[in-house]
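Each chain is listed here by its residues.
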Amino acid sequence: MANRTDPLAKNIRGTNPQNLVEKIVRTKIYQHTFWKEQCFGLTAETLVDKAMELDHLGGTFGGSRKPTPFLCLILKMLQIQPEKEIVVEFIKNDDYKYVRILGAFYLRLTGTDVDVYRYLEPLYNDYRKVRQKLADGRFSLTHVDEVIEELLTKDYSCDIAMPRLKKRWTLEQNGLLEPRKSVLEDDFEEEEEKEENEGIADGSEDEKNHQRKSPERERERDRDRRRDSHRHRDRDYDRDYDMDRDHDRDYERERGRGRDRDRERDRDHYRERDRDREQGRDRERDRRDRARRRSRSRSRDRKRHETDDVRDREEPKKKKEKKEKMREDGTDHPDPEIAEANRLRASLGLKPLRP
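Residues numbered from 1 in each chain as written. Predicted model: local features only at pLDDT ≥ 70, side-chain atom pairs only at ≥ 80, totals over all residues. Heavy atoms only, no water.

## Focus: the pairing of strand S4 (residues 129–133)
With 2 bridges connecting them, strand S1 (residues 57–58) and S4 associate as parallel partners. Looking at S4, one finds that Leu 57 is bridged to Gln 132. Here S4 runs beside strand S5 (residues 139–143); their pairing, made up of 5 bridges, is antiparallel. Paired with Lys 133 across the two strands is Phe 139, which belongs to S5. Where S4 folds back onto S5 in an antiparallel hairpin, the turn is made up of 5 residues, including Gly 137, whose phi is positive at roughly 95°. (Pairing = 2+ DSSP bridges. Helix = DSSP H or I, 4+ residues; strand = E, 2+ residues; numbered from the N terminus.)

And the structure:
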């Protein structure tokens, strides 16, 4: 229940808002003590108090990849989905720099391209120092404008993949954004006005006209130069992005080949192991068959010997009984005629003749 998205929350980029954080990182956050104790039951109003207590930003750190409180609050904002006005107030907060970064990070994940440029580019003028926790658990010093630069130009920040952002000059060409105006441009214009006033007081009409026209040309030239610099920077970013994508593609292809080799090696190993096991089973089966045949042969030999022993013991007894029978019926009489007569009498059931 505590990890479910608000039922009234809308899908962001066609998916559940919490899915903008990768599943492994999301699971780490769900298991962290800060999420269970400090983020339970937070609303858009009470989340401000937790954001004001932040003293550093960062993603995951340490060997077990523990999430920072900053990352836990980002996921909590994705879960409850505060209104856009509240997020804009976070960004415009000048008193608490970590609240400002929290709102900017959330808007970078969920906002449109126009809103991202409109609300995050003014933060380039915030040069306050902030602490960032690195992956090894140590802290490093950075600045708010550097964090905003990372959000607008990098693909990953705080172990979260940033959604694809359109180029600024593309939005300018489509009329969705005005050309970026630097905050120092007003100072430049004031200096140019001062120089122009001095020229009016000291010089002739030609010099006045020249100085009146030259600031305008300089301003136009500066605007063109800044626009070109933005376009070059965007092109460099595209080129770096393409190079990184090609490198990632080559890396994935090489890793896929390595996995295929490992899989083939494992398959050969398992095939050889199965063949050895099959051969071992065949040898064991042959050994058992030989032992069974030897056992049967011994049993037959034993039975044959026992039969011979019984026959040897019974034959003398039969001969003896036969002799005694012949002696009783007189068929063994030494006189052949008497013996023949006794045999005839024995067949008739008569008593034998006695000499």
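Additional details are given in the paragraphs that follow.
## Notes on a positive patch on the surface
A grouping of Arg 290, Arg 293, Arg 294, Arg 296, Arg 298, Arg 300 and Arg 302 is seen on the molecular surface, where their side chains present a positively charged patch. Assignment of secondary structure puts Arg 298 in helix H11 (residues 205–329). (Patch = residues over 30% accessible without salt bridge, like charges linked within 9 Å, V, L, I, M, F, W, Y side chains within 5 Å. Areas by Shrake-Rupley, 256 points an atom, 1.4 Å probe, with all protein chains shown as cover. Salt bridge = Lys/Arg side-chain N within 4 Å of Asp/Glu carboxyl O. Lys, Arg positive; Asp, Glu negative; His and termini not counted. Charge placed at Lys NZ, Arg CZ, Asp CG, Glu CD.)

## As for helix H4 (residues 69–80)
Helix length check: H4, at 12 residues, gives a terminal C-alpha distance of 16 Å against a target of 16 Å (1.5 Å per residue), a fit within 8%. When you tally the buried positions in H4, you get 11 out of 12 residues, the bulk of the element. When we look at burial in H4, the residues that qualify are Phe 70, Leu 71, Cys 72, Leu 73, Ile 74, Leu 75, Lys 76, Met 77, Leu 78, Gln 79 and Ile 80. Phi for Gln 81, located one or two positions after H4, is positive at around 50°. (Expected span 1.5 Å × (residues − 1). Buried < 20%, exposed > 50% of the residue type's maximum accessible area, 1.4 Å probe, protein only.)

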